[in-house]
Amino acid sequence: MSALSRMRLRGLVRKEFYQILRDPSSIAIAFLLPVFLLLIFGYGISLDAEHVPVAVVVEQPDVETASLAARFSGSSYFAPVFLSDLGEAENALRERRVNAIVHLQQDFSRRLRRTDGAPIQLIVNGTDANTARLVIGYVQGAWQTWLEQRAAESGVTPGTPLRIDQRVWFNSELRSRNYLVPGLIAIIMTLIGALLTALVMAREWERGTMEALMVTPVTMGEVLLGKLVPYFLLGLGSMALSVAMGLWLFKVPLLGSPWLLFGVSALYLLAALGMGLLISTVAKNQFVAGMVAIITTFLPAFLLSGFIFDIGSMPTVVQVITRFLPARYFVASLQTLFLAGNVWSVILPNIAALTVFALLFLGTSRCLMHKRLE
Amino acid sequence: MWRRINALMIKEFLALLKDKRSRVVVIVPPLVQLLIFGYAATFDLNRIPFAVYNEDPGLASRELVARFAGAPNFHQVATPSSDAEIAPLVDSQRALMVLHIGPEFSRDLAAGRPGAVQVIVDGRNSNTAAILLGYVTTIADGFNADWMRQTGGAVTARLEVRAWFNPNLESRWFLVPGIVGLLTLLVTTLVTSLSVAREREQGTFDQLLVTPFRPVEILIGKALPGFIIGFGELTAIVIIATLWFQVPLRGELSTLYAGLFLFLFSSLGVGLMISSLAVTQQQGLLGAFLFMVPSVMLSGFATPIANMPLWMQHVTLINPLRYFLVIIRGVFLQGTPFHMLASQFWPMAAIGLVNLTIAGFLFRRRLY
């Protein structure tokens, strides 16, 4: 086996570039896909519920119930519908026209003056547990402010002995877009990296051009590098595009260093491309390679990377599985780099993990590529 | 006609299943993924690492800390003893939350003044932060109610919360039926979107066109294998969801299968449309991707459609998965009867018909 030859490598890279330029689908993957995905997801994915439709059932309206109901109509969190009959509200809940029912019984005002207090009944549609929990939180907030307002008006001591003073660091407004966009960039890079390279080796095998390559003096290392270099550059371009969109279109703050971001991204891209190449080398068949690439990248990156579901809450077995996912380390690095800054205690272990994956995938691909026909 | 379709179907099955790798790839991953994702996909936090910085020697603060430490989903990891120790804990993600009780807390409470407690939350994942703050509020409410009862204060109004259809608010009940839709979409689109493109690339599609097959027959022959595989896999997945994950199946199976039938019909339609547009397998794969990724993300699977801007909500109307998720969740958790879901059935039928028509049309025209 001869050493790397720059001339041969240049030839291979140039050939790959021509192939990219002449089949528009690779260019589309690298530049149109991130724009399209980031636009759709940046606007489409949000966990901030506002204007939640709520039925407020007041059986006997009076001053007390009116002041409580005003808490709902005056808030941007709720879009209240006022009803007088519980049965009607229950039907609306069943037909998904409202998400929750706030029910004040007939004797509400009378029981307010008794020592055990008056119940405010809250019925939520628990199907979507996450939204249900948010709605409960909103109603709790409305209820508390109402209590405090009442206490202030009547001049007695404040209603609640313990007051929680909450500080949310790194994202004080709890804007879900701030954490979703960095995660989305990670997912998009996972898709692009694997998609770009998953088919390239399999295609050469399927079309028989691999045999043609074998009779030339190129080494397998050169073939691998020749595939890697063009797609790496393409991937860096699409990463830059995604970050630019995140910063200027979605107004996500970047507190960390841009150079560190560049370094981590380059490292991750090597791992993602390496994974695509490995799939492609093993599969030798475009159908299988495509299937494997989609199955091993998109859904795992979406569900297991900590992008949206908290890894710490998963069962231990699943947490162990997530450790084998390069996307997990990239998502964690990006969220920290964007929102918290250069926190080395988070970044360094992630960089180490990404390096291991990049070396592992590229190294394994190299080992599995033989200049041999089966 | 059916004899010809039958022959084409057998050929498609052979093309799909004769190769061991492609056989494994079509059948095994969806089942494995359901198991892993079923456990992974949950919004419930069950081990929140938190730290307590308690400057107050009083009884009240100790009781408050005990409430947090005793809560099943909180897990105390550190007890910092100065302000300076808080930031590193949160920065390095060792603690998701820090509870800071000032030195005056017990004294304030005893004097009848409100005692303030600072809660610092890592907002890097704002959804986790919001859920966590909800848990904190619940604990604080419990503390308040007990304190008032002990000190003889009057309760004025109390909140009684009930959740219908999912009393413990387990997000797994919501997400596992969603995964059923997700995986079905994945398998059917992949199986069909490459089926025509592969023949085009290998040149066998021209041969197919000169046979006595009519485009409709080719269409049916290409669609049926995906249909049968999808149907089988879905049934397996539904069984796992009910028996393994214990998601309650409250509605009629017939309603579920009606929805399933239409969902497969519409997603196969899209798959075949993509396939007949593509010239190479790479283009077919890219097309499948461009359809599948947004369909999953914008289906209401993890983030509700109601949270999207209005124009985006209108875009989701062409997404078949959106309708299927409403049906499968309705049937599973709410036992929704057939007639209440009619508005979800016909859009899927329409999407399927439009796409299959376009695919049939493209079979003829796009030949090069």
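Residues numbered from 1 in each chain as written. Chains lettered and ligands numbered in written order. Predicted model: local features only at pLDDT ≥ 70, side-chain atom pairs only at ≥ 80, totals over all residues. Heavy atoms only, no water.

Novice: I'm lost on the overall build of chain B in this one. Help?
Specialist: Regarding its fold elements, chain B presents 14 helices and 5 strands. Taken against the 2.2 N^0.38 rule, which gives 21 Å for 368 residues, the C-alpha radius of gyration of chain B at 28 Å runs more than 25% over that of a compact globule. Along the first, second and third principal axes, the C-alpha atoms of chain B reach 95 × 45 × 40 Å. Taken over 368 residues, chain B has a buried fraction of 58%. For chain B, long-range pairs separated by at least 24 residues make up 81% of all intrachain contacts whose partners lie at least 6 apart in sequence. (Helix = DSSP H or I, 4+ residues; strand = E, 2+ residues; numbered from the N terminus. Rg over C-alpha atoms; globule rule 2.2 N^0.38 Å. Buried < 20%, exposed > 50% of the residue type's maximum accessible area, 1.4 Å probe, protein only. Contact = heavy atoms within 4.5 Å.)

Novice: Mind showing me how you'd approach the confidence of the model for chain B here?
Specialist: Caution applies to low-pLDDT regions: their predicted coordinates should not be interpreted in detail. In the predicted model, chain B carries a mean pLDDT of 84, and 97% of its residues have values of at least 70. Under the prediction, the complex receives an ipTM of 0.76, its pTM being 0.81. (pLDDT = per-residue confidence, 0-100.)

Novice: Mind showing me how you'd approach the environment of Val77 of chain B here?
Specialist: Residue and element names in this part refer to chain B. The topology assignment puts Val77 in strand β2 (residues 74–78). Judged by its relative accessible area of 34%, Val77 is partly exposed. The sequence separation of Val77 and Leu89 amounts to 12 residues, and the corresponding C-alpha distance is 9.7 Å.

Novice: Could you clarify how one ought to interpret the nonpolar core in this entry?
Specialist: A general tendency of soluble globular proteins is for nonpolar side chains to be buried together. Membership of the largest hydrophobic core comes to 191 residues, with the highest contact counts inside it found for Phe302 of chain A together with Phe74 and Met97 of chain B. Looking at this core, the element that brings in the most residues is helix α11 (residues 258–283) of chain A, giving 15 residues. If sequence neighbours within four positions are ignored, Met97 of chain B has contacts with Pro49, Phe50, Ala51, Phe68, Phe74, Val119, Ile120, Val121, Leu132 and Val136 of chain B. Ranked by size, the runner-up nonpolar core spans 31 residues in total, among them Val52, Leu104 and Val139 of chain A together with Leu159 of chain B. (Core = buried A, V, L, I, M, F, W, Y, C linked by side-chain atoms within 4.5 Å.)

Novice: Help me understand the pairing of strand β4 (residues 118–125) of chain A, please; the structure alone is not making it clear to me.
Specialist: In regular strands, side chains alternate between the two faces of the sheet. Residues and elements named next belong to chain A. Where burial is concerned, most of β4 is hidden: 8 out of the 8 residues are buried. Across the two faces of β4 the burial is the same, with Ala118, Ile120, Leu122 and Val124 and Pro119, Gln121, Ile123 and Asn125 all buried. Relative to β4, strand β3 (residues 100–104) runs antiparallel, the two sharing 5 bridges. The partner of Ile101 across the bridge, within β4, is Ile123. (Pairing = 2+ DSSP bridges.)

Novice: How should the interface of chain A and chain B be read in this particular structure?
Specialist: Accessible area lost upon the coming together of the parts serves often as the stated size of an interface. Taken together, the contact between chain A and chain B spans 115 residues of the former and 113 residues of the latter. Buried area between chain A and chain B, both sides added, is near 10200 Å², and the carbon and sulfur share of it is 67%. Taken together, the connections running from chain A to chain B amount to 1 salt bridge. Residue Asp44 of chain B is joined to Arg133 of chain A by a salt bridge in which the shortest nitrogen-to-oxygen separation is 3.2 Å. (Buried area = accessible area lost by both parts, 1.4 Å probe. Salt bridge = Lys/Arg side-chain N within 4 Å of Asp/Glu carboxyl O.)

Novice: Just checking my understanding: could you explain the packing of aromatic side chains for this structure?
Specialist: The geometry of an aromatic ring pair comes down to the distance between the two centres and the angle between the two planes. Under the defined criterion, the tally for this structure stands at 26 aromatic pairs over all chains. Pairing Phe50 of chain B with Phe74 of chain B gives two aromatic rings, centres 5.6 Å apart and planes at 80°, and the pair type is edge-to-face. Note that Phe50 of chain B is positioned in strand β1 (residues 48–54) and Phe74 of chain B in strand β2, a separation of 24 residues in sequence. Taking the relative accessible area as the measure of exposure, Phe50 of chain B reaches 0% and is therefore buried. Residue classification places Phe74 of chain B among the buried positions, given a relative accessible area of 5%. Residues Phe227 of chain B and Phe261 of chain B carry aromatic rings whose centres are separated by 5.3 Å and whose planes lie at 70° to one another, so their mutual orientation is edge-to-face. One end of the pair, Phe227 of chain B, is in helix α9 (residues 215–243); the other, Phe261 of chain B, is in helix α10 (residues 253–277), with 34 residues separating them in the sequence. The positively charged end of Arg22 of chain A is found above the aromatic ring belonging to Tyr18 of chain A, 4.9 Å away from the centroid. Across from the ring centre of Phe174 of chain B, 3.6 Å away, lies the NZ or CZ of Arg329 of chain B, which sits over that ring. (Phe/Tyr/Trp six-rings, centres within 6.5 Å; stacked < 30°, edge-to-face > 60°. Lys NZ or Arg CZ within 6 Å of the ring centre and 35° of its normal.)

Novice: Hey, could you run me through the domain arrangement of chain B in this one?
Specialist: Under the domain assignment used here, chain B contains domain 1 (2–41 + 170–365) and domain 2 (48–151). Here domain 1 of chain B and domain 2 of chain B have C-alpha centroids that lie 48 Å from each other. (Domains from an automatic or database assignment.)

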